[in-house]
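# Structural characterization, general
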Amino acid sequence: GLCLLVLRVFIGVHVFLVSCALPDSVVRRFIVRVMCSVLGLLVRQSDPRLRGAGARVFIANHVTPFDHNVVSLLTSCNTPALSGAPGFICWSRGFMELGVTGSRAELVDSLKEYSAHQGNPPLLLFPEEVATNGRAGLLRFSSWPFSILDEVQPVALQVRRPLVAVSVADSSWITELLWTFFVPFTVYQVRWMPSVPRRADERSEDFALRVQELLAMELGVVSTRITAADRTEHMKRLRHTSRLPFAPGGDLGYGTSARALLLGWPLVPPSLPGGAPEDVRVMAMAQQVKEVLPHVPLEVIRTDLVQTNCVDTTIANLLEGRVPFFPESKETGDLPAPSTSQAAAASGIQGSVAAPSSKPATKQFAKSSVERHLSLQERKRALYDYARR
């Protein structure tokens, strides 16, 4: 791997010089594509007859920092620089500088003006705005790329390589480039899809959602409503909780659940010190369930979590009686002092549940089926009210 890395760094310099010296043409794309194969960058395409079939805007999912370079090996296209300082680095990476530093509305106006000139190459845009590994789902598409023209052409990208994961979260483009040189090969699969026109009176948000669903079906993944901002916030939480002994979490794109993210629960990192990562993760989720349902034995919660691997499913199983258990019957004086979150949950439950009788609620298992059903509905409403807050 190290020998390949050193050798390919020198070859990569020659590839860069050749791509800068030759004008954009079929000959240049062929030569650079052959030289990239020596670097271990293999590009394959399907349905090339659909490529550039009158469309002026290509819409693609975002997998690596070099997606626009790969597509430009197959057809002439430009990708505007949305972040980072303009200059040599931005130009050398193949981005188009528009000189727009203001709002998205100014960017859209500039791209509309660019697309109005028929001599300019088509635009290649990534509505996800951040790269993901593309194996679980698509991030929610931003609507601004669909405000430029009334017809777009989706492009499905898939990347695979041996030994090393593609598009590791929080890695820089330099790190991704070095890993590409280190591994034997990286295969890019580009699938051209038919152009999609805007429907009559269709908003840009609905147009974006429709194209996202089509791309998700083509890739065989889920079309999520998780935005790039949610992903950024998740990564901040992971960095913040990386040194905590316990951090409850679930599973979403990069390892947390959308509901946990929206409810503000701490998120669990991939590995934590002080024990096996899987055991620590199950214990963290069990503590989270225990805060919501303090009368359920911890061992019962852990056993169900091992099977479901989901906090929400385990809570639903316990509330709906699918998991049998005997409630813990400790006296109030013997119980430990509740935490802040437990106190908030308790106050929320007391404030949101109005019992039909004046008798205080008991933690003992009710003898009557009617009372048990009523208690179940009360706990459900209390849980929903607590989750909404």
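Residues numbered from 1 in each chain as written. Predicted model: local features only at pLDDT ≥ 70, side-chain atom pairs only at ≥ 80, totals over all residues. Heavy atoms only, no water.

### Quick notes on the side chain of Arg8
- Its location among the elements puts Arg8 in helix α1 (residues 2-21).
- Buried and without a salt bridge, Arg8 has Glu176 as its closest oppositely charged side chain, separated by 12 Å.
- Separated by 3.3 Å, the side chain of Arg8 and the backbone oxygen of Leu39 make a polar contact.
- Every residue in contact with Arg8, bar those within four places of it in the chain, is listed here: Val38, Leu39, Gly40, Thr180, Phe181, Val183 and Pro184. (Helix = DSSP H or I, 4+ residues; strand = E, 2+ residues; numbered from the N terminus. Buried < 20%, exposed > 50% of the residue type's maximum accessible area, 1.4 Å probe, protein only. Lys, Arg positive; Asp, Glu negative; His and termini not counted. Salt bridge = Lys/Arg side-chain N within 4 Å of Asp/Glu carboxyl O. Polar contact = N/O pair within 3.5 Å; in protein donor to acceptor, adjacent residues only side chain to side chain. Contact = heavy atoms within 4.5 Å.)

### Examining the pattern of salt bridges
- One pass over the structure, following the stated rule, counts 10 salt bridges.
- Its salt-bridge partner being Arg191, residue Glu218 comes within 2.9 Å of it at the nearest N-O pair. Residue Glu218 is located in helix α7 (residues 204-219), and its partner Arg191 is located in strand β8 (residues 186-192); the two are separated by 27 residues in the primary sequence.
- Glu218 sits in the partly exposed class, given a relative accessible area of 35%.
- Several salt bridges converge on common partners, so that one network encompasses Asp24, Arg28 and Arg29.

### Observations concerning helix α5 (residues 104-116)
- With 13 residues, α5 extends 18 Å from end C-alpha to end C-alpha; this agrees with the ideal 18 Å at 1.5 Å per step.
- Within the sequence span of α5, burial applies to Leu107, Val108, Ser110, Leu111, Tyr114 and Ser115. Considered in projection along α5, the buried side chains sweep an arc of 160° and stay on one side of the axis. What points out from α5, more than 90 degrees from its buried face, is the exposed set Glu113 and Ala116. (Expected span 1.5 Å × (residues − 1). Arc of directions from axis to C-beta.)

### Some thoughts on the UniProt feature "signal peptide" (unreviewed entry) in the protein chain
- Here, the residues flagged by UniProt with the feature "signal peptide" (unreviewed entry) are residues 1-20.
- The straight-line gap between the two end C-alpha atoms of residues 1-20 is 28 Å; of that span, 95% is helix and 0% is strand. (UniProt positions renumbered as here; feature names shortened; annotations may be inferred.)

### Notes on the pairing of strand β2 (residues 57-60)
- Burial along β2 is two-sided: the residues Val57 and Ile59 and Phe58 and Ala60 are all buried.
- Where β2 and strand β5 (residues 123-125) come together, 3 bridges link them in parallel fashion. Pairing of Phe58 across the sheet is with Leu124, part of β5.
- Here β2 pairs with strand β7 (residues 151-160) via 3 bridges, running parallel. Within β7, the residue paired with Ala60 across the bridge is Val155. (Pairing = 2+ DSSP bridges.)

### A few points about the packing of α1 against helix α2 (residues 26-38)
- Running from N to C, α1 and α2 point in directions that differ by 175°, and their axes come no closer than 10 Å. Compared by their axis directions, α1 and α2 come out roughly antiparallel. The segment α1 lies against α2, with Arg8, Ile11, His14, Val15, Val18 and Ser19 engaging Arg28, Ile31, Val32, Met35, Cys36 and Val38.
- Taken together, the residues of the contact of α1 with α2 sort by class into 8 nonpolar, 2 polar and 2 charged. (Axes fitted to C-alpha atoms, helices over the stretch in contact; angles between N-to-C directions. Parallel < 35°, antiparallel > 145°, perpendicular 65-115°, else oblique. Nonpolar A, V, L, I, M, F, W, Y, C, P; charged D, E, K, R; others polar.)

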